[in-house]
Amino acid sequence: MTGKRGGYTGEILRVDLTRGAFSIDSTWDYLPDWIGGRGIAAVVAWREIHRGMGAFDPEAPLILMTGPLTGTMAPFSGRTTLCGLAPQGYPREWYTRSSFGGHFGPELKYSGYDGLIITGRSKIPVMLVIDNGKYRLEDASRLWGHGIIETQKTIRNSYGSRWRVFAIGPAGENLVRIAVAATETESASGQGGFGAVMGSKRLKAITVRGMKPVNIADPVRFETVCSWIGEEAHASHGWPHTPRLDPELVHRYGQRFQACTQGCPIRCYDARFYTRVPSKLCPGRILSGQIDCIAGLFPGVCGTFYDWNLGFEAGFEIAQLTNDEGINHWELLVGIIPWLRFLKQDGVTDRFDGCMIEPDNIRFWETLVLGISRRTGEMGNALAEGTLRAVDRLGFGKERAELLFPAWGYAGHWDGHGDRINRIFFPFWLVSALQWAMDTRDPISSGHGYVQNIMGWCREHSPVHGLDWDVIRSIGARVYGSPESVDPLGGYSGKAFPAYWHGHRSVAKDSLPVDDQVFPRIFSTRTSDHYARAGDIDGPMFEYEMFRAATGSEWTAAEYEFNLERILQLERMLLVRNFDRSRVDDETVISYFEQPETRINPYIGEPVGMNGDRFRKVMDEYYRLRGWNCRDGRPLPETRVKFGLENV
Ligand code: SF4
């Protein structure tokens, strides 16, 4: 670090809910090596999550971390990362992470804390209150049973609108393994089931307010870099497009753009707010709220695999009901509903706990969401355990579930199979398959960089502003070292390095943290060769330059990359020590990808399924890049020495 340090408050608040006790960790004890967010959480997890510990064990820590860019003017930096043992994990409660947007993380930084480490279980429902550095636990029994949105309204009505709240709903209280914790209307730690961990600790909500500034080591450079990147960010991300509002939805429901996270400088296709949507379930009631990301599927999408016809108003209402109850949207829309439709199609059952499986009918959705959240009925209680545990418990629907869930208890995402909303074809899902194989959750939520960029910028998916494959190949060669890595006819060649490199990008996005939908910047509509640049910085280095200017770090780009990988290496070692993780586990994804893909590469002309033996060779390449033993997929002794982890 240069003389001047920045980006951190220097303190992490520890809360023991069993004893109602507090203590402070110095953030500087984890720095510079562990960077922030997911990096610091990995060290805490290594030290405090022991073999055999369960997600609902009181001593299992729930680690909520900001990073050096949180609360600063860095574009897309308002995120927070949650880490711990995940109830949603299958067949093990794998250690993993989940990040969320909104304004909660910055407010926690302004209150003087870089993060929270929460252990224990309170005797009564409580709320953690952090007021500009001061902290206390308050009885929250009056809030227990209330929804996430309702709880926030109640707290902010009594505390004031400046306070930010991170809360759980009935699903979290009932230890539903697919429960979320969330802030505002749509910013949730969606995957992992961490809402149930808060419920198991009887922690109903965390409410925070702060007025403290976040110091910046090199404010002049930081401001310059952030404005360059903010400017470039207005060039399309993910794919060349110009987000537009729908005039009819503006007129009828008050649709408007609303960024989902503090620090977001752009209009995003992903984040729209509605001010006046009439309720179907309670005529006369007017609803408002945000629809982000996968929630756009709730109404149904004509002509797709998700072609139920719930309609906008009913879909919006169920999306808000799911937000309030606190249930994982991705599991529900990409996993549970398609699975139930398959069961009906196959004649296994046409009912969910007595209610006809009818995704066009809002009453079916209401019954489903409340059945899972409140653990009522046999199927409701079973699905509250997550789809794969429900299959084990109910004894049916296994084959169909295997079409939708690649691994670790999470429904498909950018994989060319179970996820049928994202357009991807062979060979590009080989990189997703590798990301899935090496992870403990859906890897894409902080690993969109390869799949979304390539599939978004190719002409097949962006006929007007898309790029020719020659351009994509030349940029692919620059970023991944081989044109085959991004060639539609490149097959299994050059696929290991993109997964290896995006693994580090994922760690950076969860440690700084910054928005996964935007970084790393690779392609641009603003440069002649379409390689992203801003000022004197190449696109893939944007996050690094913001980190250096904010913290005063003197790491070279190679040292930064090395320290990102060290975090990933420690996470792998935790999986080996606590879960005996090995290549055998990693290879469990293969059977899912061996099924024929659901979209066809126009240059191949027929659906392709993975060739397991050829993929295993790609896995060998990946293990070698990581310095892991190709036989068991575990870090080699020399790798541990290389990363200074030999004594860990
Ligand atoms: S770009 Fe979209 S997803 Fe990202 S922070 Fe902005 S609104 Fe949210």
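A quick note: this is a predicted structure, and the numbers were derived from the prediction, not measured.

### Concerning the side chain of aspartate 439
- Tracing the sequence through the fold places aspartate 439 in the loop between α14 (429-438) and α15 (449-457).
- Judged by its relative accessible area of 12%, aspartate 439 is buried.
- Engagement of the side chain of aspartate 439 in a polar contact is seen with the side chain of arginine 97, the distance being 2.9 Å.
- For aspartate 439, the side chain forms a polar contact with the main-chain nitrogen of arginine 441, separated by 3.5 Å.
- For aspartate 439, the residues in contact, after removing those within four places along its chain, are Thr96, Arg97, Trp408 and Arg581.

### Quick look at the domain arrangement of the chain
- Domain annotation of the chain identifies domain 1 (11-209), domain 2 (244-401) and domain 3 (429-535 + 580-642).
- The straight-line distance from the C-alpha centre of domain 1 to that of domain 3 is 31 Å.
- The interface is formed by 24 residues belonging to domain 1 together with 19 residues belonging to domain 3.
- Roughly 1700 Å² of surface becomes buried between domain 1 and domain 3 when both sides are summed, with 51% attributable to carbon and sulfur atoms.
- On the domain 1 side of the contact with domain 3, Phe76, Trp94 and Arg97 bury the most area, a combined 33% of that side's loss.
- One can count four salt bridges joining domain 1 with domain 3.
- Linking aspartate 510 and arginine 97 is a salt bridge whose minimum nitrogen-to-oxygen distance equals 3.2 Å.
- Put simply, domain 1 and domain 3 have 14 residue pairs in polar contact (both at pLDDT 80 or more) between them.
- Sorting the residues of the side of domain 1 that touches domain 3 by element identifies α1 (37-48), β4 (80-85) and β5 (95-100) as the ones contributing at least two each.
- With five residues, β5 is the largest single contributor of residues to the side of domain 1 that touches domain 3.
- Of the residues in the side of domain 1 that touches domain 3, the class split is seven nonpolar, 13 polar and four charged.

### Some remarks on the pairing of strand β7 (residues 126-131)
- Counting buried positions along β7 yields six of six residues, so the element is predominantly enclosed.
- Burial along β7 is two-sided: the face carrying Val126, Leu128 and Ile130 and the face carrying Met127, Val129 and Asp131 are both buried.
- Connecting β7 to the next strand, strand β8 (residues 134-139), in antiparallel fashion are two residues, including asparagine 132 with a positive phi near 55°.
- With six bridges connecting them, β7 and strand β12 (residues 203-209) associate as parallel partners. For isoleucine 130, the partnering residue across the bridge sits in β12 and is valine 208.

### A closer look at helix α22 (residues 612-626)
- Taking 1.5 Å of rise per residue, the 15 residues of α22 would be expected to cover 21 Å, and the 21 Å separating its terminal C-alpha atoms lies within 8% of that figure.
- Within α22, the full set of buried residues consists of Gly612, Phe615, Val618, Met619, Tyr622, Tyr623 and Arg626. Down the axis of α22, the buried set is contained in an arc of 145°. They therefore lie on one face. Away from its buried face by more than 90 degrees, α22 exposes Asp613, Lys617 and Arg624.
- Where the residues of α22 are buried, they touch α14, α17 (496-511), α19 (557-579), α20 (583-586), α21 (590-594) and α23 (637-642).
- Taking the backbone nitrogen of aspartate 613 as reference, a side-chain oxygen 3.0 Å away marks asparagine 611 as the first, capping residue of α22.
- At the exit of α22 stands glycine 627, carrying a positive phi of roughly 75°.

### A few points about the nonpolar core
- In this structure, Tyr95, Ile206, Met546 and Phe615 are the most contacted members of the largest nonpolar core, which totals 135 residues.
- A domain-level breakdown of this core finds at least three residues from each of domain 1 (11-209) and domain 3 (429-535 + 580-642).
- Those residues in contact with phenylalanine 615 that lie beyond four places of it in its chain are Leu430, Ala433, Leu434, Tyr492, Val589, Ile590 and Met610.

### Remarks on the sheet that holds strand β1 (residues 11-16)
- What the six strands build is an open sheet, ordered β2-β1-β6-β3-β4-β5; its pairing is mixed. Looking at which strands have only one partner, the edges of the open sheet turn out to be β2 (21-26) and β5. Across the sheet, the axes of successive neighbouring strands diverge by a mean angle of 20°, strand direction being ignored.
- Running over the sheet, α1 touches β1, β3 (62-65), β4, β5 and β6 (115-119) and is turned about 160° from β3.

### Some thoughts on the side chain of arginine 38
- Looking at the secondary structure, you find arginine 38 in helix α1.
- Among the polar contacts made by the side chain of arginine 38, one reaches the side chain of aspartate 510 at a distance of 2.9 Å.
- Side chain to side chain, arginine 38 and glutamate 571 meet in a polar contact 2.7 Å long.
- The residues contacting arginine 38, other than those within four sequence positions of it, are Thr81, Cys83, Arg97, Ser446, Ser506, Val507, Asp510, Ser511, Ile567 and Glu571.

About the cut-offs
Residues numbered from 1 in each chain as written. Predicted model: local features only at pLDDT ≥ 70, side-chain atom pairs only at ≥ 80, totals over all residues. Heavy atoms only, no water. Helix = DSSP H or I, 4+ residues; strand = E, 2+ residues; numbered from the N terminus. Buried < 20%, exposed > 50% of the residue type's maximum accessible area, 1.4 Å probe, protein only. Polar contact = N/O pair within 3.5 Å; in protein donor to acceptor, adjacent residues only side chain to side chain. Contact = heavy atoms within 4.5 Å. Domains from an automatic or database assignment. Buried area = accessible area lost by both parts, 1.4 Å probe. Salt bridge = Lys/Arg side-chain N within 4 Å of Asp/Glu carboxyl O. Nonpolar A, V, L, I, M, F, W, Y, C, P; charged D, E, K, R; others polar. Pairing = 2+ DSSP bridges. Expected span 1.5 Å × (residues − 1). Arc of directions from axis to C-beta. Core = buried A, V, L, I, M, F, W, Y, C linked by side-chain atoms within 4.5 Å. Axes fitted to C-alpha atoms, helices over the stretch in contact; angles between N-to-C directions.

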